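Residues per chain, in single letters:
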Amino acid sequence: MVSKFDHHLPLYRQAEIMAEQGIDIDRSTLAGWAGQGAALLDPIVVRIKETVLASTKLHTDDTPVPMLDPGNGKTKTARLWVHAIDDRAHAGPGKPAVWFAFTTDRKAEHPQTMLKTFKGHLQADAYAGYDALYRSNRVFEVGCWGHARRKIWDVHQTKATAATTELLERIGGLYAVEEQVRGQPPDVRCNARQSQSKPQLEELRRRMEAIRLQLSAKSSLAVAITYALKRWVALTRYIDDGRLEIDNLIAERAIRGVAIGRRNWLFAGSKAGGERAAAIYSIIETCKLNGIEPLPYITDVMQKIASDWPNSRIDELMPWTWSKPQPKGA
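Reading guide: rules and limits
- Residues numbered from 1 in each chain as written.
- Predicted model: local features only at pLDDT ≥ 70, side-chain atom pairs only at ≥ 80, totals over all residues.
- Heavy atoms only, no water.
- Pairing = 2+ DSSP bridges.
- Helix = DSSP H or I, 4+ residues; strand = E, 2+ residues; numbered from the N terminus.
- Axes fitted to C-alpha atoms, helices over the stretch in contact; angles between N-to-C directions.
- Phe/Tyr/Trp six-rings, centres within 6.5 Å; stacked < 30°, edge-to-face > 60°.
- Buried < 20%, exposed > 50% of the residue type's maximum accessible area, 1.4 Å probe, protein only.
- Contact = heavy atoms within 4.5 Å.
- Disulfide = S-S within 2.5 Å.
- Salt bridge = Lys/Arg side-chain N within 4 Å of Asp/Glu carboxyl O.
- Parallel < 35°, antiparallel > 145°, perpendicular 65-115°, else oblique.
- Left-handed = near helix turned anticlockwise from the far one by under 90°.
- Nonpolar A, V, L, I, M, F, W, Y, C, P; charged D, E, K, R; others polar.
- Core = buried A, V, L, I, M, F, W, Y, C linked by side-chain atoms within 4.5 Å.
- Expected span 1.5 Å × (residues − 1).
- Arc of directions from axis to C-beta.

A. Region of the structure containing the sheet that holds strand β5 (residues 139-142). Taken together, 5 strands build an open sheet; the order of strands is β3-β2-β1-β4-β5 and the sheet is mixed. Unpaired on one side and paired on the other, β3 (97-103) and β5 mark the two borders of the sheet. Across this sheet, the average inter-strand angle for adjacent strands is 30 degrees, counted without regard to direction. One ladder, built from 7 bridges, connects strand β2 (residues 74-85) with β3; its direction is antiparallel. Within the sheet, the bridge partner assigned to R79 lies in β3 and is T103.

Below, the structure written as structure tokens:
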């Protein structure tokens, strides 16, 4: 499980390596073991999900994952969704955690179902599937300056101009403020943003509007500017709450391992396989955020759960409370 989902080594390659060492284990057997292991770890995944959704500040993103479509003999595009909490940037007491979910498509109903109990601030991209959540008045949209900047950067890479240079430098000024206050309490972050970021944002908006007036509405830079201006309320919400972030890097960082892994393990074999991947990624990425090595953690926790560990004590096995067992006699 760790070799596949953390070290990005597909099961068929693991089987080949074992065969070279004289150990003949079929790939389907390895897949069966991974499924059994994921089933044992289900109480941990459920608790991670509960912890993540109980937060009042959540980062989310999704990424495509090929899934085998047996009827057509091809693959279809499924999705892995990441939901992450990490309060360390504002010195919060909560422990970081990541919950992954798998769906066979990217229909808007999925985020609405997955986040039906969530209440608070949601930092995400501009995917329309979240809009119904924002209209509910229990979820508040927090925009991502990383996305807004990237759209201008793409234009700049193609054809740098004085306008693209200026806008990128102004956005860089916002990030400079964040560097100063990272890891500080919410009140310190909020005060710095009000005194430094707010005036910069006001001038940035004025310059964006002025630059857009000089461009064709269909030009790539005008489109990039319009993206930011249409989402201005969400993009500037972070300056009024020191717990919020300027961008969605927390979710993007959590999903990075999936992007690397899918290039190696090629595709999910089924819906069940995708759900298994989501469960194991939830545990591995939560371990990493809490400074825990996934292999000894999964080894120990699976053994304990298989030995009838009581569900009433499941919190003792969570990555943020677990301690590596000491060797006997140590």
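B. Spatial organisation of the packing of aromatic side chains. In total, this model carries 6 aromatic pairs according to the counting rule given. Taking the centre distance of 6.2 Å and the plane angle of 45 degrees together, the rings of W81 and Y127 count as tilted. Here W81 is found in strand β2, whereas its partner Y127 is found in the loop between β4 (120-123) and α6 (131-135), with 46 residues between them in sequence. Taking the relative accessible area as the measure of exposure, W81 reaches 1% and is therefore buried.

C. Region of the structure containing the environment of K304. By the element assignment, K304 lies in helix α14 (residues 294-306). In sequence terms K304 and L317 are 13 residues apart; their C-alpha atoms lie 8.9 Å from each other. Ignoring anything within four residues of it in the chain, the contact list for K304 reads W309 and L317.

D. Region of interest: unusual backbone geometry. In this structure, H8 is a non-glycine residue whose phi angle is positive, near 60 degrees. Here H8 lies in the loop between α1 (2-5) and α2 (11-20). Of note, the phi angle at N137 is positive, near 70 degrees, even though the residue is not glycine. With relative accessibility at 63%, the residue N137 sits in the exposed group.

E. Main features of the state of the cysteines. Overall, the coordinates contain 0 disulfides when judged by the stated rule. No disulfide involves C190; its nearest neighbouring cysteine sulfur is the one of C144, lying 20 Å away.

F. Structural context of the pattern of salt bridges. For the structure shown, the criterion picks out 22 salt bridges. A salt bridge links R106 to D125, with the nearest nitrogen and oxygen atoms 3.8 Å apart. Of this pair, R106 sits in the loop between β3 and α5 (109-114) while D125 sits in the loop between β4 and α6, placing them 19 residues apart in sequence. With a relative accessible area of 31%, R106 lands in the partly exposed category. Look at D125 and you get buried, because its relative accessible area is 14%.

G. Region of interest: the packing of helix α7 (residues 145-158) against helix α8 (residues 162-181). As a packed pair, α7 and α8 sit with axes 10 Å apart at the nearest point and diverge in direction by 155 degrees. Between α7 and α8, the angle is such that the two are roughly antiparallel. Read as a crossing pair, α7 and α8 show a hand that is left-handed. Where α7 approaches α8, its residues W145, G146, R149, I152, W153, V155 and H156 are matched on the opposing element by T164, T165, L167, L168, I171, L174 and Y175. Of the residues belonging to the contact of α7 with α8, the class tally is 9 nonpolar, 4 polar and 1 charged.

H. Examining the nonpolar core more closely. Counting residues in each nonpolar core, the largest one holds 57 residues, and the members touching the most others are I44, L122, I283 and Y297. In terms of residues, this core owes the most to one element, helix α13 (residues 271-289), which gives 8 residues. Not counting chain neighbours up to four residues away, the residues in contact with I44 comprise I283, Y297, V301, I305, I314, L317, M318 and P319. Formed by 26 residues, the second largest nonpolar core is a distinct cluster that contains M208, A224, A228 and Y238.

I. Quick peek at the pairing of β2. In terms of strand pairing, strand β1 (residues 57-69) meets β2 through 11 bridges, oriented antiparallel. Along β2, the bridge assignment pairs V65 with A78.

J. Structural detail: α8. The first and last C-alpha atoms of α8 sit 30 Å apart over 20 residues, in line with the 28 Å expected at 1.5 Å per residue. Within the sequence span of α8, burial applies to A163, T164, E166, L167, L168, I171, G173, L174, V177, E178 and V181. A positive backbone phi angle near 90 degrees is found at G183, which sits one or two residues after α8.

K. Up close: helix α3 (residues 27-40). Between its first and last C-alpha, α3 extends 20 Å over 14 residues, near the 20 Å set by a 1.5 Å rise per residue. Of all the positions in α3, only L30, A31, A34, G37 and A38 are classed as buried. End-on view of α3: buried residues confined to an arc of 120 degrees, all on one side of the axis. Of the exposed residues in α3, those oriented more than 90 degrees away from the buried face are Q36 and A39. Where α3 is buried, its residues touch α2, α4 (42-53), α13 and α14.

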